[in-house]
Amino acid sequence: MYDVIGDVHGHAEELVELLERMGYRRDGGAFRHADRTAIFLGDWIDRGPNIRQALQVVREMVEGGAAKAVLGNHETNALAYATPKSATHAPLHAQDWCRSRTDRNHSIHAATLKQIPAAEWAGWLDWFRGIPWWLDLGDLRCVHACWDDAAMHTLSRAFGPRWQSTPEVIRAVHHRGSPEAQAFEAILKGREVDLPEGVSLPDPEGHRRTAIRARWFEPADGRTYADISLPAREGVPAQPLPSDFVASWRHYPPDAPPVVVGHYWLSPAVDPAPLAPNVACVDYSVAKGGRLAAYRWDGEHALRADRFVTVPAKPSADEVRADSDSIRA
Ligand SMILES: [Mn+2]
């Protein structure tokens, strides 16, 4: 059976504590459990204080057969950041990379580039290339942000069943507006709905966004922007979703196998619980002083609140200096 672990974002100490709490022990380098397998949902890099160690823990477990893994959008963004848009022309400008090297994109990625020596980073990018974007284990499905059969079909057909995240693949899924790009965005970043004209909200990195992430496992019929926002948050208008959006919306079927995702920066102030009987999110915002979370799956079709395990974020040096009270929130 599987222990599915959410977004680590360089919080290696919390990762080790979570693994130990679930009964994993170091065995020849890698953490291992006698009769369980860990599954990592990506987003190991960026933001946190111990990115290199977090990557080492994950990689040792995957290579030692103690864990499986799927990539998160931070890893695919890292690949895109390192991939020239053109296969033949060397990049000259920020926009010449699959992920533009703008100040905004650099700031999101800066902790990783600072903490991992450049000579070593290429090796980590090569390791990312061999990690799948989703795992279908039959009675359990794992993906970073959203399970979408049509999107996965598009990607499988374009790249073959055992593709690697080669520079060609990265270029294809960053070709704006292409079916491959839309499929990639859905799976790695979640499905979104554009906010009404003139409305914008800050994203987890503090940048203004004109779209919100949507509850992809629920119908959109007769519902408002606020209803479908994932996570629920202030400032999202409680007005009906536009009819063209509703007409094109397909939601994950309630009778389909359970899916575990990360990605959504859920609030650590509420006790972890499934988002739907067949959908659980294990991202409780460890990188914002929240909790690192796992879901311990034992074969159940209906996911259960009592199967979550969490470890609180350790205060970073900055947070300790800033305000020791806020860390306990
Ligand atoms: Mn993510």
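All values reported here derive from a predicted model rather than from experimental measurement.

### A short note on the pattern of salt bridges
Here comes step 1: Considering all chains together, one arrives at 21 salt bridges under this definition.
Here comes step 2: For Glu192, the salt bridge identified is with Arg209, shortest N-O distance 3.0 Å. Taken together, the residues Glu192 in strand β8 (residues 192-194) and Arg209 in strand β10 (residues 208-209) connect sequence positions 17 residues apart.
Here comes step 3: Connected through shared salt-bridge partners, Asp3, Arg36, Arg296, Asp298 and Arg307 make up one network.

### Some details on the coordination of the manganese ion
Ideal coordination angles are 109.5 degrees for a metal with four donors arranged tetrahedrally and 90 or 180 degrees for a metal with six donors arranged octahedrally.
Here comes step 1: All of the protein donors around the manganese ion are Asp43 (OD), Asn73 (OD1), His144 (NE2) and His263 (ND1); their distances to the metal are 2.2 to 2.3 Å.
Here comes step 2: For the manganese ion, the donor residues sit on a single chain with the sequence spacing D-x29-N-x70-H-x118-H. Of the two residues, Asp43 sits in the loop between β4 (37-40) and α2 (51-63) while His144 sits in the loop between β7 (141-143) and α6 (149-159), which places them 101 residues apart along the sequence.
Here comes step 3: Looking at Asp43, the relative accessible area reads 2%, which means it is buried.

### Some thoughts on unusual backbone geometry
Across residues other than glycine, the phi torsion is negative in most instances, and most of the peptide bonds are trans.
Here comes step 1: Residues Leu230 and Pro231 are joined by a peptide bond in cis, for which omega reads -5 degrees.
Here comes step 2: Structurally, the position occupied by Pro231 is in the loop between α9 (225-228) and α10 (243-248).
Here comes step 3: For His9, which is not glycine, the phi dihedral falls at a positive 45 degrees.
Here comes step 4: Among the structural elements, His9 can be located in the loop between β1 (2-5) and α1 (12-21).
Here comes step 5: Residues other than glycine seldom take positive phi values, yet Arg47 does so here, at roughly 80 degrees.
Here comes step 6: Relative to the assigned elements, Arg47 resides in the loop between β4 and α2.
Here comes step 7: In this structure Arg47 comes out as partly exposed when scored by relative accessible area, which is 30%.

### As for helix α8 (residues 179-189)
Here comes step 1: Buried within α8 we find Ala181, Ala183, Phe184, Ala186, Ile187, Leu188 and Lys189.
Here comes step 2: Check the buried side of α8 and you find it contacts α3 (73-81), β6 (134-136), β7, α6, α7 (167-173) and β11 (211-213).
Here comes step 3: Among the residues trailing α8, Gly190 stands out with phi positive, at a value near 90 degrees.

### Regarding α6
Here comes step 1: Turning to α6, its buried residues are Ala151, Met152, Thr154, Leu155 and Phe159. One face of α6 carries all of its buried residues, which in axial projection span an arc of 155 degrees.
Here comes step 2: Where α6 is buried, its residues contact β6, β7, α7 and α8.
Here comes step 3: Put simply, Asp148 is the residue that caps the front of α6, since its side-chain oxygen is 3.1 Å from the backbone nitrogen of Ala150.

### Here we look at the sheet that holds β6
Pairing between sheet strands relies on hydrogen bonds along the backbone, with the strands arranged either parallel or antiparallel.
Here comes step 1: Taken in spatial order, the four strands of this open sheet run β6-β7-β12-β13, and their pairing is mixed. With one partner strand each, in any of the chains shown, β6 and β13 (279-281) form the two edges of the open sheet. Each neighbouring strand pair of the sheet contributes to a mean axis angle of 15 degrees, computed without reference to strand direction.
Here comes step 2: The sheet contact formed by strand β12 (residues 259-261) and β13 spans three bridges and is parallel.

### Considerations on the packing of α3 against helix α4 (residues 103-115)
Here comes step 1: Relative to each other, α3 and α4 sit at 100 degrees, their axes nearing to 11 Å. On the basis of the axis angle, α3 is roughly perpendicular to α4. Between α3 and α4, the residues in contact are His74, Ala78 and Tyr81 and Asn105, His106, Ile108, His109 and Leu113, respectively.
Here comes step 2: Split by residue class, the contact of α3 with α4 holds four nonpolar, four polar and no charged.

### Here's the deal with the nonpolar core
Here comes step 1: Residues Phe40, Trp44, Leu55, Met61, Phe128, Trp133 and Trp216 are the most contacted members of the largest nonpolar core, which totals 105 residues.
Here comes step 2: Apart from the residues lying within four places of it in its own chain, the contact partners of Phe40 are Ile5, Leu15, Val58, Met61, Ala67, Lys68, Ala69 and Val70.

### Looking at the pairing of β1
Here comes step 1: By the alternation rule, side chains of β1 split into Tyr2 and Val4 and Asp3 and Ile5, which are all buried.
Here comes step 2: As paired elements, β1 and β4 share four bridges and run parallel to each other. Of the residues in β4, the one forming a bridge with Asp3 is Ala38.
Here comes step 3: Two strands pair when backbone bridges link them, and β1 and strand β15 (residues 291-297) are joined in this way by four bridges, in the antiparallel orientation. Among the inter-strand pairings, Tyr2 is bridged to a residue of β15, identified as Trp297.

The rules behind each value
- Residues numbered from 1 in each chain as written.
- Predicted model: local features only at pLDDT ≥ 70, side-chain atom pairs only at ≥ 80, totals over all residues.
- Heavy atoms only, no water.
- Salt bridge = Lys/Arg side-chain N within 4 Å of Asp/Glu carboxyl O.
- Helix = DSSP H or I, 4+ residues; strand = E, 2+ residues; numbered from the N terminus.
- Donors = N, O, S within 2.8 Å, 3.2 Å for Na, K, Ca; no water.
- Buried < 20%, exposed > 50% of the residue type's maximum accessible area, 1.4 Å probe, protein only.
- Contact = heavy atoms within 4.5 Å.
- Arc of directions from axis to C-beta.
- Polar contact = N/O pair within 3.5 Å; in protein donor to acceptor, adjacent residues only side chain to side chain.
- Pairing = 2+ DSSP bridges.
- Axes fitted to C-alpha atoms, helices over the stretch in contact; angles between N-to-C directions.
- Parallel < 35°, antiparallel > 145°, perpendicular 65-115°, else oblique.
- Nonpolar A, V, L, I, M, F, W, Y, C, P; charged D, E, K, R; others polar.
- Core = buried A, V, L, I, M, F, W, Y, C linked by side-chain atoms within 4.5 Å.

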